[in-house]
Structure formats: C-alpha cells, structure tokens
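Take a look at the letters that make up each chain.
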Amino acid sequence: MDRFIASKPAPRRAPPTSSHSVIVASRSMEQQVFNLRSRGVLVTATEVRHCANPHLVGQALEKELRLPPHQLRVTRHHPEAFFVLFDIPSHRDLAISLGRLNVDGSTFLLQAWRESDHAMHQVYNLHVRVCIERMPMQMWSREGAQEVLGNHVLVDRLDSRTYA
C-alpha cells in the first residue's frame, strides 16, 4: 500500500535583492504622453500653507479663462500642487500664458506638463493572487502559506472560498 507523507516543499532559492525593468513605450503610451504634453497644466503653490482644493482651482481657472466647467478637469497632484487636463489644447496655452493664478488668497504658478519633470526610478510593489493546489490541510493557514511561499512573499489573506 502506497503511503502519502505530507511534507513541506523544498526551499526556493532566494530571488535577487533588486531587479530593474526597462519599459518600452507603446503606441498608447506615446499617445498619452502627447495628450498630457498638449493639454496638461501643473498648478503649483508658491506658499506651503494654502486652503485650495481641486474645486476652487477649477473655479478660478474657469473664471480667469472664461471657460465652461466641463472643459477642464482638476485633480490633486501632490499636497502642494494640482494637475489640470483641458479638453482643448488652446485652452491649455491660454492658462500657461497667465503664468499665475490667485485661488482664495494664495498664488499658484501655472506650468506646462513636461515628461522630464516626472521621469524617475520608482519601486513598484506587485500584488498577485496565487492559486496553490494540493497543499496539505495542516499547511492551510496564513502562517503555513507564508512558510510554503518563502520569506520574500507577504501573505495578506487566504480567500474565504478556499477548500481542500
């Protein structure tokens, strides 16, 4: 009679401590860069403390440029900056020509979006869902899965729909 002995898988070799990826621009990425270059504006505060929000920045731009509200979108870019995406490139050019914008008593600089301002080396965490088949029942816990997958993986949770 064959006997099945539950055992822990052999330890994996440690992956390299760091790795690098080179991303080749696709046609859709180049189109997005073109759209950002031709329609994007970075709005940066000259003061550290201000009470502006995307809604107030949008209203100030609409008033200064005499634009309807549906032709621009404002999002928070950093704590001290905002990003504005105009629907029409000529509206972006008008905003850049203003140079400065007063929002609720605070002064903001208007600059064209440039790709070189945002180029940086960045670390991206990769979140994945892993399906492990035929894992022994006694290993079916967060700690057991952590032991099976190794030290370089952080097990967040086990799916509630799991079964043996």
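Located above this text is the structure these notes cover.
All figures in this text were calculated on a predicted structure; none of them were measured in a lab.

A.B. asks: Would you explain the overall build of the protein in this entry?
C.D. replies: In terms of helices and strands, the protein carries 4 helices and 5 strands. For the protein, the sequential pattern of α-helices and β-strands runs α-β-α-β-β-α-β-β-α. Scored against the burial criterion, the 164 residues of the protein give a buried share of 27%. By sequence separation, contacts in the protein at least 24 residues apart represent 61% of the contacts at least 6 residues apart. Accessible surface computed for the protein: about 13,300 Å², of which carbon and sulfur atoms make up 53%.

A.B. asks: Honestly, helix α2 (residues 54-65) in this entry has me stumped. Any pointers?
C.D. replies: The end-to-end C-alpha distance of α2, which contains 12 residues, comes to 16 Å, matching closely the 16 Å that a straight helix rising 1.5 Å per residue would cover. Every buried residue of α2 is listed here: Val57, Gly58, Ala60, Leu61, Glu62 and Leu65. Close packing links the buried residues of α2 with β1 (40-45), β2 (72-78), β3 (81-86), α3 (89-98), β4 (100-103) and β5 (106-112). Of the residues that open α2, the one with a side-chain oxygen 3.0 Å from the backbone nitrogen of His55 is Asn53.

A.B. asks: Would you mind going over the sheet that holds β5 with me for this structure?
C.D. replies: Pairing between the strands of a sheet is mediated by backbone hydrogen bonds and can be parallel or antiparallel. Spatial strand order, β2-β3-β1-β5-β4: 5 strands in an open sheet with antiparallel pairing. The outermost strands of the open sheet, each flanked by one partner alone, are β2 and β4. Pairs of neighbouring strands in the sheet enclose a mean axial angle of 30°, with direction left out of account. Here β2 pairs with β3 via 6 bridges, running antiparallel. When the bridges of β3 are listed, His78 appears paired with Ala81.

A.B. asks: Whenever I open this one, the pattern of salt bridges confuses me. Can you help?
C.D. replies: Between side chains of opposite charge, a pair can form when the charged atoms approach closely. What the rule picks out here adds up to 4 salt bridges. The residue Asp87 makes a salt bridge to Arg73 at a minimum N-O spacing of 2.9 Å. Remark: Arg73 occurs in strand β2 and Asp87 occurs in the loop between β3 and α3; sequence separation between them is 14 residues. The class of Arg73 is partly exposed, set by a relative accessible area of 42%.

A.B. asks: Sorry, what's going on with the side chain of His91 here?
C.D. replies: Relative to the assigned elements, His91 resides in helix α3. For His91, a relative accessible area of 11% puts it in the buried group. Those residues in contact with His91 that lie beyond four places of it in its chain are Leu65, Leu67, Gln71 and Phe86.

A.B. asks: What is the right way to look at the nonpolar core in this model?
C.D. replies: The nonpolar side chains of soluble globular proteins are, as a tendency, buried together. Within the largest apolar cluster, 19 residues are counted, with the highest numbers of intra-cluster contacts made by Val43, Val57, Leu61, Val84 and Phe86. Contributing elements (two or more residues each) for this core: β1, α2, β2, β3, β4 and β5. Top contributing element to this core by residue count: α2, with 4 residues. Contacts of Val43, omitting those with residues within four sequence positions, involve Val57, Glu80, Ala81, Phe82, Val84, Phe108, Leu109 and Leu110. One finds Val33, Phe83, Leu85 and Trp113 within the second-largest nonpolar core, a separate group that totals 5 residues.

A.B. asks: Help me out: how do you make sense of a nonpolar patch on the surface in this one?
C.D. replies: Taken together, Leu126, Val128 and Val130 make up a surface patch of nonpolar side chains, about 340 Å² in accessible area. Topologically, Val128 is positioned in the loop between β5 and α4 (142-149).

A.B. asks: Would you take a moment to explain the pairing of β5 for this structure?
C.D. replies: Note on strand geometry: in a regular strand, side chains alternate between the two faces of the sheet. Here β5 shows a buried face lined by Ser106, Phe108, Leu110 and Ala112 and an unburied face lined by Thr107, Leu109 and Gln111. Strand direction decides the pairing type here: β4 and β5, joined by 4 bridges, are antiparallel. Considered in β5, the bridge of Asn102 is made with Thr107. Between β4 and the antiparallel strand that follows it, β5, lie 2 residues; Asp104 among them carries a positive phi value of about 55°.

Cut-offs used in this document
Each chain has its residues counted from 1, following the order in which its sequence is written. The predicted origin of the model limits local features to residues at a pLDDT of at least 70 and limits the giving and counting of side-chain atom pairs to 80 or more, whereas totals for whole chains, interfaces and linings rest on all residues. For side-chain calculations, the full set of non-hydrogen atoms in the structure is used, while hydrogens and water are omitted. In this description a helix means any DSSP run of H or I spanning at least four residues, a strand means any run of E spanning at least two, and both kinds are numbered starting from the N terminus. Each residue gets one of three labels from its accessible area relative to the maximum for its type: buried under 20%, exposed over 50%, partly exposed in between, using a 1.4 Å probe on protein chains only. By the convention used here, residues are in contact when the closest approach between their heavy atoms is within 4.5 Å. We get accessible surface area from the Shrake-Rupley algorithm with a probe of 1.4 Å; when it comes to residues, only the shown protein chains can shield them. For a helix, the expected span equals 1.5 Å multiplied by the residue count minus one. Polar contacts, as used here, are pairs of N or O atoms within 3.5 Å; protein pairs need one atom able to donate a hydrogen and one able to accept it. Residues neighboring in sequence count only if both atoms are side-chain atoms. One bridge is not enough; two strands pair if DSSP finds at least two bridges between them. Fitted lines through C-alpha atoms give the axes, limited to the stretch in contact for helices. The angle between two N-to-C directions lies from 0 to 180 degrees. Any carboxyl oxygen of Asp or Glu within 4 Å of a side-chain nitrogen of Lys or Arg constitutes a salt bridge here. Among buried residues, those of type Ala, Val, Leu, Ile, Met, Phe, Trp, Tyr and Cys that are joined through side-chain atoms within 4.5 Å constitute a nonpolar core. Like charges within 9 Å and nonpolar side chains (Val, Leu, Ile, Met, Phe, Trp, Tyr) within 5 Å are joined into patches, using only residues over 30% in relative accessible area that form no salt bridge.

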